[in-house]
Amino acid sequence: QSQEISQARIDYHVALQALQDHGTRMVCTGKMHTDRICRFDYLCYCSEAEEFVFFHSNSSVMLPNLGSRRFQPALLDLSSVEDHNTQYFNFLELPAAALKFMPKPVFVPDVTLILNRFNPDNLMHVFHDDLLPAFYTMKQYTDLDDEARLVFMEGWGEGPHFDLYRLLSTKQPLLKEQLRNFGKLMCFTKSYVGLSKMTTWYQYGFVQPQGPKANILVSGNEIRQFARALMEKMNITRVEEAERDGGSVVDEKQRDKKDEYIVVFSRSTTRLILNEAELIMALAQEFQMRVVTVSLEEQSFPSIVQVISGASMVVSMHGAQLITSLFLPRGAVVVELFPFAVNPEQYTPYKTLTSLPGMDLHYISWRNTKEENTITHPDRPWEQGGIAHLEKEEQQRILASKDVPRHLCCRNPEWLFRIYQDTLVDIPSFLEVLKEGMKTKPSLKKAKLPTTVHPGRVREPQCQTSVQTTNEAKLTVSWQIPWNLKYLKVREVKYEVWIQEQGENTYMPYILPQQNYTFSENIKPFTTYLVWVRCIFNKNLLGPFADVLMCRT
Ligand code: UDP
């Protein structure tokens, strides 16, 4: 991975002339700063001022042209966290003529993706806020390929997980602090600024208490495609896949059963499981499986992913390490442990991940309800949950509370105090919760079966009517199967018909197995009915309604 930016690949004078003549050109997607990604030709960065610069000339383009609304509050979010006021992007403007009086620009020939990492010290944030969004932003713009250059503008150092960011492209990512090495003025020949938020599933509680995002747009399929791509880059093959390629079908079943194992993901500095050995013994006995432990402090990340990718179950304290659940095979179980006074329902980044449609993971949470089994750390620094700095009264209140009340991110002392407790896991209650939770685990075969192909519209919908007597009438509705059905094997095909009397605001819904039906109940003569028909596969895959039929009896 080369750190230098080669000036040889571009003709310097041609580039400089182009910048002087054409200035900067920007075209963006998105109506709002929160859903915007911008593409630039010749976006420049002045390292002295620490500002991006847009050069105006006769042929520069700025779309959207927001005028001063560009500062209300910003052009776009530079990280994937929505509307965070420390993550805004904007640029300064200058006439291209000013270039004559400025330091000679250095041109970056690579197609560049410019973004902020949100919290590169925390593994969950690394995946959720940066890696997944960057991966799919790069899929969205095909010139952001393997050779794209990533530039991280949040201003942090590499951080402990920089190797993961390196997997996104073959070029070394650049940090903000390194940009000054390229001179006072650098210009990105082609760049994209901002990240897609399409893959994020969790909001951290800046404006309302943390929880799943309101409108989740990602499914297990996209998460798993990403996981597979990353594993390939780390040179990991799933144990199951390696065996399937090599072994015969017959031994595979026996070996599979015998080789199943449980992973206990341990933390070695904070939020400890105090009786890990006992927990491991209990798991091994209960499931008759091997139990292996991993920890971020003791193994390389790829070796952890290797282990996780073949596991039947992961057991771990709540914490960022649980993001590795996205490497679990389908059908695996995630067991998340919560310290005393922390409600599992209110801290659900991993529950939400495992429950994404098509993720096919089974989630179980356990919570320590025995105060005698918790070890608190009131004297630690505040960011590790210490409360010694608080008023005596407030300390007393926190110590007496048995449930952390709903709170906003990120410095709530009661929350930090409770989440950084160590826990002696009560084995009987743990096994009870586990056994109970396993009862609702769907079998993988069932989970895999449902097709995710939706029905098309029903075709040629028609209605025929007849009047029987002064107060009786019939309405016959018929239609043809959706066009895609003839290419599909679908377990159950049904049709839904809605009938609404014109002018009324309620309708009668019917579910039918056949392609025509004569309605006579509640059908009045000399009345106009609006009729909608759609197809449903396997009970819950809804197709679109066909154009509404107007049927006059
Ligand atoms: N971490 C770890 N072992 C520990 C404590 C933390 O590996 O004993 C890692 C953790 O996985 C995360 C980072 O250090 O990537 C920050 O941990 P913190 O407790 O601040 O965050 P949380 O795990 O609660 O998200």
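This text goes with the structure placed above it.
**Student:** So what exactly am I meant to see when it comes to the overall build of the protein here?
**Tutor:** On a plain count of helices and strands, the protein comes out with 14 helices and 28 strands. Considering only C-alpha atoms, the protein reaches an extent of 90 × 70 × 65 Å along its principal axes. For the protein, the proportion of its 553 residues judged to be buried stands at 50%. Sequence separation of at least 24 residues holds for 72% of the intrachain contacts in the protein that already meet a minimum separation of 6. A total accessible area of about 27100 Å² is found for the protein, and carbon and sulfur atoms account for 52% of it. Taken as two groups, the 60 positive and 64 negative side-chain charges of the protein have centres that lie 5 Å from each other.

**Student:** Sorry, what's going on with unusual backbone geometry here?
**Tutor:** The bulk of non-glycine residues show a negative phi, and the bulk of peptide bonds are trans. Cis geometry is found at the peptide bond from Leu 63 to Pro 64, where omega equals 10°. Along the chain, Pro 64 turns up in the loop between strand 4 (61-63) and strand 5 (76-77). In this structure, Cys 410 follows Cys 409 across a cis peptide bond, with omega equal to 5°. Note that Cys 410 resides in the loop between helix 11 (392-400) and helix 12 (413-419). Phi at Glu 460 is positive, roughly 45°, even though this residue is not glycine. One can find Glu 460 in strand 21 (residues 459-469). Classification of Glu 460 by relative accessible area gives exposed; the value is 54%.

**Student:** Help me out: how do you make sense of the site of the ligand in this one?
**Tutor:** Close to the ligand lie 14 residues, the nearest being Arg 267, Thr 269, Arg 271, Glu 297 and Ala 320. At 3.2 Å, a backbone N or O of Ser 268 approaches an oxygen atom of the ligand. At 2.8 Å, a side-chain N or O of Arg 271 approaches an oxygen atom of the ligand. The protein chains hide 77% of the 510 Å² of surface that the ligand would expose on its own.

**Student:** Please explain the state of the cysteines as it appears in this structure.
**Tutor:** A disulfide bridge is the covalent bond that connects two cysteines by way of their sulfur atoms. For the structure shown, the criterion picks out 4 disulfides. One disulfide bridge connects Cys 28 with Cys 38, the sulfur atoms lying 2.0 Å from each other. In this structure, the disulfide formed by Cys 28 and Cys 38 twists by about 100° around the S-S bond and is classed as right-handed. With Cys 28 in strand 1 (residues 25-29) and Cys 38 in strand 2 (residues 37-46), this residue pair connects regions lying 10 residues apart in the sequence. Each member of the pair, Cys 28 together with Cys 38, is buried.

**Student:** Where do I start with helix 1 (residues 12-22) in this structure?
**Tutor:** Two residues of an α-helix separated by three or four positions point the same way, owing to the 3.6 residues in each turn. Listed in full, the buried residues belonging to helix 1 are Ala 15, Leu 16, Ala 18 and Leu 19. Within helix 1, the buried residues cover an arc of 160° as seen down the axis, which keeps them to one side. Turned more than 90 degrees away from the buried face of helix 1, the exposed residues are His 13 and Val 14. Contact partners of the buried residues in helix 1: strand 2, strand 3 (51-56), strand 8 (106-115) and strand 11 (185-193). Where helix 1 starts, the residue carrying a side-chain oxygen 3.1 Å from the main-chain nitrogen of His 13 turns out to be Asp 11.

**Student:** Sorry if this is basic, but what is going on with a nonpolar patch on the surface here?
**Tutor:** A surface patch of nonpolar side chains, amounting to about 240 Å² of accessible area, comprises Val 27, Val 61 and Leu 63. If you trace the backbone, Val 27 turns up in strand 1. Overall, the relative accessible area of 45% leaves Val 27 in the partly exposed class.

**Student:** So what exactly am I meant to see when it comes to the nonpolar core here?
**Tutor:** Inside soluble globular proteins, nonpolar side chains tend to come together where they are buried. In this structure, Leu 113, Phe 127, Ile 223, Phe 226, Ile 323, Leu 326 and Phe 327 are the most contacted members of the largest nonpolar core, which totals 73 residues. Counting residues per element, this core draws most heavily on helix 2 (residues 123-140), which supplies 10 residues. Sequence-distant contacts of Phe 127, that is, excluding residues within four places in its chain, are made with Leu 132, Pro 133, Leu 164, Phe 226, Leu 230, Phe 301, Ile 323, Leu 326 and Phe 327. Grouped together as the second largest cluster of nonpolar side chains are 25 residues, Tyr 45, Leu 76, Met 153 and Leu 179 included.

**Student:** Sorry, what's going on with the pairing of strand 21 here?
**Tutor:** Here 8 bridges tie strand 21 to strand 22 (residues 472-480), and the two strands are oriented antiparallel to one another. Along strand 22, the bridge assignment pairs Gln 464 with Thr 476. If you look at the hairpin formed by strand 21 and strand 22, you'll find 2 residues sitting between the two strands.

**Student:** Please explain the sheet that holds strand 25 (residues 516-519) as it appears in this structure.
**Tutor:** Paired through backbone hydrogen bonds, the strands of a sheet run either parallel or antiparallel to each other. Taken in spatial order, the 3 strands of this open sheet run 21-22-25, and their pairing is antiparallel. Sheet topology places strand 21 and strand 25 at the edges, where each strand pairs with a single neighbour. Pairs of neighbouring strands in the sheet enclose a mean axial angle of 15°, with direction left out of account.

**Student:** How do you make sense of helix 2 when you look at a structure like this?
**Tutor:** With 18 residues, helix 2 extends 24 Å from end C-alpha to end C-alpha; this agrees with the ideal 26 Å at 1.5 Å per step. A bend of about 30° at Leu 131 is the largest found in helix 2, and the proline Pro 133 appears one to four places after it. The buried fraction of helix 2 is high, at 16 of 18 residues. Its side-chain oxygen placed 2.9 Å from the backbone nitrogen of Met 124, Asn 122 serves as the N-cap of helix 2.

**Student:** I'm lost on the pairing of strand 14 (residues 261-265) in this one. Help?
**Tutor:** Within a regular strand, the side chains alternate between the two sheet faces. Taken across its 5 residues, strand 14 has 5 buried, putting it largely inside the fold. Residues Tyr 261, Val 263 and Phe 265 line one face of strand 14 and the alternating positions Ile 262 and Val 264 line the opposite face, and both faces are buried. Alignment of strand 14 against strand 15 (residues 290-294), held across 5 bridges, turns out to be parallel. Paired with Val 264 across the two strands is Thr 293, which belongs to strand 15. In this view, the connection linking strand 14 to its parallel neighbour strand 15 by way of helix 8 (residues 276-287) has right-handed handedness. Here 4 bridges tie strand 14 to strand 16 (residues 313-317), and the two strands are oriented parallel to one another. Residue Val 264 lies in a different strand from strand 16, and its bridge partner there is Val 315.

**Student:** Is there a simple way to think about the side chain of His 362 in this case?
**Tutor:** Note on placement: His 362 falls in strand 18 (residues 362-367). We classify His 362 as buried; its relative accessible area is 11%. In this structure the side chain of His 362 is engaged in a polar contact, spanning 2.8 Å, whose partner is the backbone oxygen of Gly 437. Among all residues touching His 362, those that are not within four sequence positions of it are Ala 332, Val 333, Val 334, Gly 437, Met 438, Thr 440, Lys 441 and Pro 442.

Calculation criteria
- Residues numbered from 1 in each chain as written.
- Predicted model: local features only at pLDDT ≥ 70, side-chain atom pairs only at ≥ 80, totals over all residues.
- Heavy atoms only, no water.
- Helix = DSSP H or I, 4+ residues; strand = E, 2+ residues; numbered from the N terminus.
- Buried < 20%, exposed > 50% of the residue type's maximum accessible area, 1.4 Å probe, protein only.
- Contact = heavy atoms within 4.5 Å.
- Areas by Shrake-Rupley, 256 points an atom, 1.4 Å probe, with all protein chains shown as cover.
- Lys, Arg positive; Asp, Glu negative; His and termini not counted.
- Charge placed at Lys NZ, Arg CZ, Asp CG, Glu CD.
- Near = heavy atom within 4 Å.
- Polar contact = N/O pair within 3.5 Å; in protein donor to acceptor, adjacent residues only side chain to side chain.
- Disulfide = S-S within 2.5 Å.
- Arc of directions from axis to C-beta.
- Patch = residues over 30% accessible without salt bridge, like charges linked within 9 Å, V, L, I, M, F, W, Y side chains within 5 Å.
- Salt bridge = Lys/Arg side-chain N within 4 Å of Asp/Glu carboxyl O.
- Core = buried A, V, L, I, M, F, W, Y, C linked by side-chain atoms within 4.5 Å.
- Pairing = 2+ DSSP bridges.
- Axes fitted to C-alpha atoms, helices over the stretch in contact; angles between N-to-C directions.
- Expected span 1.5 Å × (residues − 1).
- Bend = angle between axes of the 7 residues up to and from the residue.
- Right-handed = clockwise from strand over helix to strand, strands pointing away.

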